Amino acid sequence: MTDQLTELLSQVRRLADAMERLAGPPPVANDLTAADCFVWHPAGQRLQPVTQPNRVALSLIRGVDHVRDILHDNTERFARGFAANNVLLWGARGMGKSSLVKAVHADVRRTSGTPLKLVEVHREDVHSLPALLELLKESGLRAIVFCDDLSFDHDDTAYKSLKAALDGGIEGRPENVLFYATSNRRHLLPRTMIENEQSTAINPSEAVEEKVSLSDRFGLWLGFHKCGQEDYLAMIDGYAAHFNLPIAAEELHRQALEWATTRGGRSGRVAWQYIQDAAGRLNMTIGRDNA
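Residues numbered from 1 in each chain as written. Predicted model: local features only at pLDDT ≥ 70, side-chain atom pairs only at ≥ 80, totals over all residues. Heavy atoms only, no water.

## So, the overall build of the chain
Helices and strands together make up the secondary structure of the chain, namely ten helices and seven strands. Out of the 291 residues belonging to the chain, those deemed buried represent 43%. Contacts in the chain between residues at least 24 apart in sequence constitute 75% of all its contacts with a sequence separation of at least 6. Here the chain displays about 15,700 Å² of accessible surface, and carbon together with sulfur accounts for 50% of that area. (Helix = DSSP H or I, 4+ residues; strand = E, 2+ residues; numbered from the N terminus. Buried < 20%, exposed > 50% of the residue type's maximum accessible area, 1.4 Å probe, protein only. Contact = heavy atoms within 4.5 Å. Areas by Shrake-Rupley, 256 points an atom, 1.4 Å probe, with all protein chains shown as cover.)

Set out below in structure tokens:
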């Protein structure tokens, strides 16, 4: 009898161990005081702290003064507990959309003295937004949820989850959370997708309205356009002065314009890439984190 009982207990323990393995690791206890910036990982509902964010100083972002001021004002109002809007930053590639979001967040934290958080969500994890919003709501801290390069392709239904998270549902978006996104597309969906919906739907106008209404969830649309030569050189001069590059202004401009020609255009990204190249040729080390 004793042997049978021992064997039964052994089987129960093995069964319990197997169930624990199937259940996976216990949920991670998220500490929103561990950093200013986080990356959201839906598996385990984990917020990974980012102690050294990849960002530049706000003063180094040139050629977008108008949208910079609008975004800064909106973010500061939100950080101080006042009403503010979700923001869509859309337009030309390489003009500093994501850099501006991160720089404004850092500057507002510094000037307002508020513990504003920035949480990055990867495009493929948009479907998990409801879980993230619930977690941030419970924390009570004010946070900006940020998705870089957000767009949706044909037959991609994840945009419906985003619509609900931004504005829909019985509860709506938590009062302590805003959503900022960058995209090359004003309506986040390819034009061919919208046109296809219009041509195949029973009611074309309603089909287009369903797709376009996603961008309507953003109270602010901030457009970024290709920069002219004057703005491009202002970016170059700002970086060169900040990093103390020992290059005469005339030669600096000549090289920078030649670099832009080889890249087929001018943008903030092209300016930064030239500065990296110039610093490397001078045997200097620079980085965005010390900008």
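## Re the packing of aromatic side chains
In the structure shown here, the tally under the stated rule is five aromatic pairs. The ring of phenylalanine 78 has arginine 142 sitting right over it, with the charged end atom 4.3 Å from the ring centre. (Phe/Tyr/Trp six-rings, centres within 6.5 Å; stacked < 30°, edge-to-face > 60°. Lys NZ or Arg CZ within 6 Å of the ring centre and 35° of its normal.)

## Quick notes on the pairing of strand 6 (residues 177-183)
In terms of burial, strand 6 is largely enclosed, as seven of its seven residues are buried. What you see with strand 6 is no split at all: Val177, Phe179, Ala181 and Ser183 on one side and Leu178, Tyr180 and Thr182 on the other are buried throughout. Strand direction decides the pairing type here: strand 3 (residues 87-91) and strand 6, joined by four bridges, are parallel. Counted as the bridge partner of leucine 88 is alanine 181 from strand 6. (Pairing = 2+ DSSP bridges.)

## Brief notes about the sheet that holds strand 3
One open sheet holds the seven strands; their spatial order is 2-1-4-5-6-3-7, and the pairing between them is mixed. One side of each edge strand has no neighbouring strand; the edge strands of this open sheet are strand 2 (46-50) and strand 7 (220-224). Averaged over all pairs of adjacent strands, the angle between strand axes in this sheet comes to 25°, irrespective of strand direction. Across the sheet, helix 2 (residues 65-79) touches strand 3, strand 5 (143-147), strand 6 and strand 7, and the angle it forms with strand 7 is around 150°. Taken strand by strand, helix 4 (residues 129-139) contacts strand 1 (37-41), strand 2, strand 4 (117-120), strand 5 and strand 6, and its axis lies near 160° from that of strand 5. (Axes fitted to C-alpha atoms, helices over the stretch in contact; angles between N-to-C directions.)

## As for the environment of leucine 58
Summarising the element assignment, leucine 58 is placed in the loop between strand 2 and helix 2. Using a relative accessible area of 16% as the deciding quantity, one classes leucine 58 as buried. Sequence separation between leucine 58 and alanine 106 is 48 residues; the distance between their C-alpha atoms is 8.4 Å. Apart from the residues lying within four places of it in its own chain, the contact partners of leucine 58 are Arg68, His72, Leu100, Ala103, Val104 and Asp107.

## Points about the nonpolar core
Membership of the largest hydrophobic core comes to 49 residues, with the highest contact counts inside it found for Leu71, Leu100, Tyr232 and Tyr274. Ranked by residue count, the leading element in this core is helix 10 (residues 268-281), at seven residues. Contacts of leucine 100, omitting those with residues within four sequence positions, involve Leu58, Ile61, Val67, Arg68, Leu71, Leu89 and Phe224. Listed in part, the 28 residues of the second largest apolar core include Leu32, Leu135, Leu136 and Val177. (Core = buried A, V, L, I, M, F, W, Y, C linked by side-chain atoms within 4.5 Å.)

## Description of the packing of helix 8 (residues 229-242) against helix 9 (residues 249-263)
Look at helix 8 against helix 9: their axes get within 10 Å of each other, and the N-to-C directions meet at 120°. By the criterion of interaxial angle, the relationship of helix 8 to helix 9 is oblique. Here the hand of the crossing between helix 8 and helix 9 comes out right-handed. Contacts between helix 8 and helix 9 involve Gln229, Tyr232, Leu233, Ile236, Asp237 and Ala240 from the first element and Leu252, His253, Ala256, Leu257, Trp259 and Ala260 from the second. (Parallel < 35°, antiparallel > 145°, perpendicular 65-115°, else oblique. Left-handed = near helix turned anticlockwise from the far one by under 90°.)

## Notes on the side chain of glutamine 255
Mapped onto the secondary structure, glutamine 255 falls in helix 9. Looking at glutamine 255, the relative accessible area reads 16%, which means it is buried. When sequence neighbours within four positions are dropped, the list of residues in contact with glutamine 255 reads Tyr274 and Arg281.

## Some words on the pattern of salt bridges
Here the structure, examined in full by the defined rule, presents ten salt bridges. Linking glutamate 175 and arginine 142 is a salt bridge whose minimum nitrogen-to-oxygen distance equals 2.9 Å. Residue glutamate 175 is found in the loop between helix 5 (158-166) and strand 6, and its partner arginine 142 is found in the loop between helix 4 and strand 5; the two are separated by 33 residues along the sequence. We note a salt bridge from aspartate 277 to arginine 281, for which the minimum N-O separation is 2.9 Å. Pair noted here: aspartate 277 and arginine 281 are both in helix 10, with a separation of four residues, about one helical turn. On the accessibility criterion, arginine 281 (47% relative accessible area) is partly exposed. Each member of the salt-bridge network shares a partner with another, and the members are Asp65, Arg68 and Asp69. (Salt bridge = Lys/Arg side-chain N within 4 Å of Asp/Glu carboxyl O.)

Shape is all these values report; function is a separate question.
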